[in-house]
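Here's the letter readout for the chains.
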Amino acid sequence: MLSGIRLRDLLRTLVRSGVFLSCICAWCQWRASTALRSGRSEALIVSNLLVEGLMLALALKLAWVLLFNTLIS
C-alpha cells in the first residue's frame with residue numbers, strides 16, 4: 001500500500017499541512033493578543049478562536065483547491 005504513494009504527492013501534502021498550520025497559528029496568536037489587550041474574558045477568546053480557526057482552515061482548503069491545484073496541474 002505504501003509503495004503506491006509517490007514522493008511528490010507526499011511532499012505536496014506535507015507542505016500544504018505546514019502552510020495551513022502556520023497560518024492558523026499565526027492568526028490565533030494575533031487575535032488572542034489583540035483580544036487580551038482589549039480586556040475580553042479568556043473563555044470568550046477561546047470560543048471565538050475555535051470558530052475562527054475552523055473557518056480559516058476551511059477557507060485555506062478552498063483556496064488551495066481552487067487556486068493552487070489549478071496552477072500545479
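Before any of the text, the structure's been laid out above.
These numbers come from a predicted model, not from an experiment.

Draft legend 1. View of the packing of helix α1 (residues 7-38) against helix α2 (residues 42-72). Running from N to C, α1 and α2 point in directions that differ by 145°, and their axes come no closer than 9 Å. Of the two elements, α1 crosses α2, and the hand of that crossing is right-handed. Counted together, R8, R12, R16, F20, C23, I24, W27, C28, R31, A32, A35 and L36 of α1 and E42, I45, L49, E52, G53, L56, A57, L60, K61, W64, N69 and I72 of α2 form the full contact between these two elements. In the contact of α1 with α2, the residues fall into 15 nonpolar, 2 polar and 7 charged.

Draft legend 2. Inspection of the state of the cysteines at higher detail. Enumeration according to the criterion identifies 0 disulfides in this entry. Unpaired in terms of disulfides, C25 finds its nearest cysteine sulfur in C28, a separation of 6.8 Å.

Draft legend 3. Layout of a nonpolar patch on the surface. Together, V46, L50, V51, L54, M55 and L58 line one region of the surface with nonpolar side chains, adding up to about 610 Å² of accessible area. Inspection of the secondary structure puts L50 in helix α2.

Draft legend 4. Here's a closer look at the environment of S47. Along the chain, S47 turns up in helix α2. The class of S47 is partly exposed, set by a relative accessible area of 35%. At a separation of 3.0 Å, a polar atom in the side chain of S47 contacts the main-chain carbonyl oxygen of L44.

Draft legend 5. Structural view of α1. Between its first and last C-alpha atoms α1 spans 47 Å; for 32 residues at 1.5 Å apiece the expected length is 46 Å, and the two agree. Listing the buried residues of α1 in full gives F20, I24, A32 and A35. Lining the buried residues of α1 we find α2. Just downstream of α1, G39 is the residue with a positive phi angle, here 90°.

Rules of the game
- Residues numbered from 1 in each chain as written.
- Predicted model: local features only at pLDDT ≥ 70, side-chain atom pairs only at ≥ 80, totals over all residues.
- Heavy atoms only, no water.
- Axes fitted to C-alpha atoms, helices over the stretch in contact; angles between N-to-C directions.
- Helix = DSSP H or I, 4+ residues; strand = E, 2+ residues; numbered from the N terminus.
- Left-handed = near helix turned anticlockwise from the far one by under 90°.
- Contact = heavy atoms within 4.5 Å.
- Nonpolar A, V, L, I, M, F, W, Y, C, P; charged D, E, K, R; others polar.
- Disulfide = S-S within 2.5 Å.
- Patch = residues over 30% accessible without salt bridge, like charges linked within 9 Å, V, L, I, M, F, W, Y side chains within 5 Å.
- Areas by Shrake-Rupley, 256 points an atom, 1.4 Å probe, with all protein chains shown as cover.
- Salt bridge = Lys/Arg side-chain N within 4 Å of Asp/Glu carboxyl O.
- Buried < 20%, exposed > 50% of the residue type's maximum accessible area, 1.4 Å probe, protein only.
- Polar contact = N/O pair within 3.5 Å; in protein donor to acceptor, adjacent residues only side chain to side chain.
- Expected span 1.5 Å × (residues − 1).

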